[in-house]
Amino acid sequence: MNNFIFGIPSYKRCEEQLTLDYLESMGYSKEQIYISTQTKEDYENYLNKYGERANIIYNEGSCVSDNRNTLLNNFPKGTKMIMLDDDLKFVGHLDNKQIKPFTKDELHNFLNDAFDYTQKNNALIWTGYPVENGFFMSNTIDKKNFGVGCIMGIIIDDYRFNSDFKIKEDFEICLHTIKDGYNCIRFNFIHAKGKHKSKGGCEEFWKNNKDDECTRKILLKYPTLIKRGNKKNSIIMKGKKNGRK
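Everything in this summary refers to the structure shown in the same document. (Residues numbered from 1 in each chain as written. Predicted model: local features only at pLDDT ≥ 70, side-chain atom pairs only at ≥ 80, totals over all residues. Heavy atoms only, no water.)

1. Description of the overall build of the chain
Heads up, the rule is: Each helix is a run of H or I in the DSSP string that is no shorter than four residues. Each strand is a run of E no shorter than two, and both are numbered from the N terminus. For every residue, the accessible area obtained with a 1.4 Å probe (protein chains only) is divided by the maximum for its type, and the residue is called buried under 20%, exposed over 50%, and partly exposed between those limits. Should any heavy atoms of two residues lie within 4.5 Å, those residues are considered in contact. To be clear on the numbers: accessible area is Shrake-Rupley with a 1.4 Å probe, and residue cover counts the displayed protein chains and nothing else. Here the positive residues are Lys and Arg and the negative ones are Asp and Glu; neither His nor the chain ends is included. A charged residue contributes its charge at one atom only: NZ of Lys, CZ of Arg, CG of Asp or CD of Glu.
The helix and strand tally for the chain stands at seven helices and 13 strands. Every one of the 245 residues in the chain was classed for burial, and the buried ones make up 56%. For the chain, restricting intrachain contacts to residue pairs at least 6 apart in sequence, the fraction spanning at least 24 positions comes to 71%. Accessible surface, the chain: about 11400 Å² in total, of which carbon and sulfur atoms supply 46%. Separation of charge centres in the chain, based on 39 positive and 33 negative side chains, amounts to 8 Å.

Given below as structure tokens:
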């Protein structure tokens, strides 16, 4: 039984919607798929091109945080949403140090199990492993760790993405819930493979070095939870070893 929906924030990518194609290939229909837009032009273009395949919604915004919040604001508390980047090729799991795509049944079962685990462990959010490299993945679950927004399961509550963060907004909402006493689940054996940093999306913010600014800002906001990692602009939870996070 389907008891969740998919939310896809998208910006200036009307010509290609890989995640929509992928979800359809996995057997999901328009009733479960919502694409949010942050400009009137995008809304009209997406509605014209994808309106028969997905629910297209719109609220004016200036960044991906605004766009993500449009999705959250469109549904009541308790709704289970899988929020996905719009350029995903597949969601996969660790298999002998390789990332193997889920089959339809495997994906569906994992998503249901992920929300069950999240609810049973005092959390509102779950994510997957942030690095596309099976060597660094493991068959473990972190109960209190942030993850990237390319795949993010959210049980909708009062939390929203912070529009002060043009980048790392996914990290920030995870850390916000942790600071407030919740767990934040990260499944280290799954990864959502996408194109990433392609034209559109948050491209303008990556080019304008917003990552430097947002890294400094998030370290100042959550000094008891996180520290700098080894890589430029990387952060890790305090108490964890430096690694590819």
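2. Notes on the packing of aromatic side chains
Rule in force here: Here a Phe, Tyr or Trp ring, Trp counted by its six-membered ring, pairs with any other such ring whose centre lies within 6.5 Å, and the pair is stacked when the planes are under 30 degrees apart, edge-to-face when over 60, and tilted otherwise. Whether a charge sits over a ring comes down to the Lys NZ or Arg CZ being within 6 Å of the ring centre and within 35 degrees of the ring normal.
Counted by the stated rule, this structure contains 18 aromatic pairs. Ring centres of Trp126 and Phe187 lie 5.9 Å apart, and the angle between their planes is 70°; on these two criteria the pair is classed as edge-to-face. With Trp126 in strand S7 (residues 123–128) and Phe187 in strand S10 (residues 183–187), the pair connects residues that are 61 residues apart, well separated along the chain. Residue Trp126 is classed as buried on the basis of its relative accessible area of 0%. Three or more aromatic residues joined by ring pairs make a cluster, and in this case those are Phe4, Phe6, Tyr28, Phe102, Phe110, Phe115, Tyr117, Trp126, Phe187 and Phe189. Cation over ring: Arg68 sits above Phe161, and NZ or CZ is 5.3 Å from the ring centre. The aromatic ring of Phe135 is capped on one face by Lys97, whose charged end is 5.9 Å from the ring centroid.

3. A few points about the sheet that holds strand S11 (residues 190–194)
The following threshold applies: Strand pairing is defined by DSSP finding a minimum of two bridges between the two strands. Axis lines are fitted to C-alpha atoms, over the contacting stretch for helices. Their N-to-C directions set the angle, which ranges from 0 to 180 degrees.
One open sheet holds the three strands; their spatial order is S6-S5-S11, and the pairing between them is antiparallel. Looking at strand neighbours, the two that pair on one side only are strand S6 (98–101) and S11, the edges of this open sheet. Strand-to-strand twist across the sheet, computed as the mean angle between neighbouring axes with direction ignored, equals 45°. Pairing of strand S5 (residues 88–95) with S11 involves five bridges; the strand directions are antiparallel. Residue pairing in the sheet places His93 in a bridge with Ile190 of S11.

4. So, helix H5 (residues 169–179)
In terms of burial, H5 is largely enclosed, as nine of its eleven residues are buried. Residues of H5 that are buried: Glu169, Asp170, Phe171, Glu172, Ile173, Cys174, Leu175, Thr177 and Ile178. Gly181 sits one or two positions beyond H5 and adopts a positive phi of about 105°.

5. Overview of unusual backbone geometry
Not every positive phi belongs to a glycine, and Asn96 is a case in point at roughly 55°. Looking at the secondary structure, you find Asn96 in the loop between S5 and S6. One non-glycine residue with positive phi stands out, namely Lys97, at about 65°. Tracing the sequence through the fold places Lys97 in the loop between S5 and S6. Residue Lys97 is classed as partly exposed on the basis of its relative accessible area, which comes to 43%.

6. Looking at the side chain of Gln17
The condition that has to hold: Two N or O atoms count as a polar contact when they lie within 3.5 Å, although within protein this holds only if one can serve as hydrogen donor and the other as acceptor, and sequence-adjacent residues are included solely when both atoms are side-chain atoms.
You can see Gln17 is positioned in the loop between strand S1 (5–9) and helix H1 (18–25). Gln17 gets classed as buried once you look at its relative accessible area, which sits at 2%. Among the polar contacts made by the side chain of Gln17, one reaches the side chain of Ser10 at a distance of 3.0 Å. Dropping the residues within four chain positions of it, Gln17 is found in contact with Ile8, Ser10, Ile35, Tyr46, Tyr50 and Asp86.

7. Comments concerning empty space enclosed by the protein
To find leftover empty space, one rolls a probe the size of a water molecule over the atoms. We count it as follows: With a 1 Å grid laid over protein atoms only, a set of points is called a cavity when a 1.4 Å probe fits there but cannot get out and a pocket when it is open yet has protein on both sides within 12 Å along at least five of seven lines; lining residues have an atom within 4 Å of a point. Grid points are joined across faces, edges and corners, and a volume is the space filled by probe spheres set on the points. Each residue gets one of three labels, nonpolar for Ala, Val, Leu, Ile, Met, Phe, Trp, Tyr, Cys and Pro, charged for Asp, Glu, Lys and Arg, and polar for the others, Gly among them.
A full pass over the atoms with the stated rule returns two cavities of 30 Å³ or more. When its volume is computed, the largest cavity comes out at roughly 60 Å³. In terms of lining residues, the largest cavity is bounded by Leu72, Leu124, Ile125, Ile154, Ile155, Ile156, Asp157, Asp158, Tyr159, Arg160 and Ile173. When residues of the lining of the largest cavity are traced back to their parent elements, those giving at least two are S7 and strand S9 (151–155). Residues belonging to the lining of the largest cavity are distributed by class as follows: eight nonpolar, no polar and three charged. In this structure, the second largest cavity encloses a volume near 40 Å³.

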